[in-house]
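Structure at a glance
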Amino acid sequence: EPAVSIRGLSKSYGKTEVLHGIDLEIARGATTCLIGPSGSGKSTLLRCIAFLEEATGGTIHVNGRPLGFEERPDGKRVRLGPQRIREVRSGIGMVFQQFNLWPHMTALGNVTEALVTVRRLSRKNAEERGMAQLRHVGLEARAHHYPSELSGGQQQRVAIARALALEPKILLFDEPTASLDPELTGEVLNVMRKLGEEGMTMVVVTHEIGFAATVGQRIAFLDHGRILLNGTPGEVFSDP
Ligand code: ADP
Ligand code: ADP
């Protein structure tokens, strides 16, 4: 069973449809890269998988469970209740282009905040788990620094640690290196490569074709709201 199964997904903003009936399966334990020109719908598709956007048609299943909407036997598409939506969403983590760290909290504070307020861990347990995740991204020594005291690459690694601390089954990345200087891109891609090797299921929107070709096991190429190519890097990047 795939980690995520997307069927006939469409998304409109007002009268403009930007995703046209996407069918896509995200393999478990693999890194899937979404590539394609700017405006082709990559970010919208990712945000639908995170349920930050509500698709206007079709369904998404995460580990076999419907996310947000399900199709009844009579073909009617119905919205699920908030509790069922929360349960399925809680297995999905997301990392953004703009790291979205809280500026008034340290690295450790950023990583532990949701563990305390949402997951109801004690401060002590949250900090143990938070330090373990900061160690995982190579930032244990920066735990008590504020975002303004960290490089962009370090801030993005904190954002990755924050997502990991919630123990997601699937981790989504929306152009995670697009706002970094080139010399800081590598440290973030290396952390992502390591997560991939550890078997994390990841979906990465990226313009880093070298990363997609070497770390991506599946590549989906979008254009104008449709998937034009979907396969292994060898299949997608080979000259016709
Ligand atoms: P990509 O990530 O491939 O650059 P996007 O998913 O950001 O593409 O955008 C796909 C299309 O949807 C673009 O035409 C964009 O202008 C449009 N779009 C994205 N977000 C919105 C929004 N909130 N309201 C209206 N149009 C949007
Ligand atoms: P990305 O390609 O990463 O989505 P954009 O610069 O296209 O980056 O979009 C940044 C934000 O603006 C997103 O939240 C997106 O939903 C929104 N957006 C993009 N295009 C439009 C649009 N045509 N109208 C309204 N909002 C938009």
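Residues numbered from 1 in each chain as written. Chains lettered and ligands numbered in written order. Predicted model: local features only at pLDDT ≥ 70, side-chain atom pairs only at ≥ 80, totals over all residues. Heavy atoms only, no water.

Quick look at the pairing of strand 11 (residues 218–223)
- Sheet topology note: the strand 3 (residues 31–35)/strand 11 ladder contains four bridges and is parallel. The partner of Thr32 across the bridge, within strand 11, is Arg218.
- With five bridges connecting them, strand 11 and strand 12 (residues 226–231) associate as antiparallel partners. Within strand 12, the position partnered with Leu222 by the bridge is Ile227. (Pairing = 2+ DSSP bridges. Helix = DSSP H or I, 4+ residues; strand = E, 2+ residues; numbered from the N terminus.)

Focus on the sheet that holds strand 1 (residues 4–13)
- The antiparallel open sheet is built from four strands, whose spatial order is 2-1-4-5. Every interior strand has two partners, whereas the edge strands, strand 2 (16–26) and strand 5 (65–66), have only one.
- One ladder, built from two bridges, connects strand 4 (residues 57–62) with strand 5; its direction is antiparallel. Across the sheet, the residue bridging to His61 is Pro66, located in strand 5.
- Helix 1 (residues 42–49) rests against strand 1, strand 2 and strand 4 of the sheet, and its axis sits at about 120° to strand 1. (Contact = heavy atoms within 4.5 Å. Axes fitted to C-alpha atoms, helices over the stretch in contact; angles between N-to-C directions.)

Details of the site of ligand 1
- Taken together, Tyr13, Val18, Pro37, Ser38, Gly39, Ser40, Gly41, Lys42, Ser43 and Thr44 make up all the residues around ligand 1.
- Between Gly39 and ligand 1, the recorded distance is 2.7 Å, taken from a backbone N or O atom to an oxygen atom.
- Coverage of ligand 1 by the protein chains reaches 56% of its 560 Å² of free accessible surface.
- In terms of residue count, the dominant contributor to the shell around ligand 1 is helix 1 (three residues).
- Of the residues that constitute the shell around ligand 1, the class distribution is three nonpolar, six polar and one charged. (Near = heavy atom within 4 Å. Polar contact = N/O pair within 3.5 Å; in protein donor to acceptor, adjacent residues only side chain to side chain. Areas by Shrake-Rupley, 256 points an atom, 1.4 Å probe, with all protein chains shown as cover. Nonpolar A, V, L, I, M, F, W, Y, C, P; charged D, E, K, R; others polar.)

Considerations on the confidence of the model for the protein chain
- Mean pLDDT over the protein chain: 95, with 99% of residues reaching 70 or higher.
- The ipTM, which scores confidence in the relative placement of chains, is 0.75 for this predicted complex, and the corresponding pTM is 0.91. (pLDDT = per-residue confidence, 0-100.)

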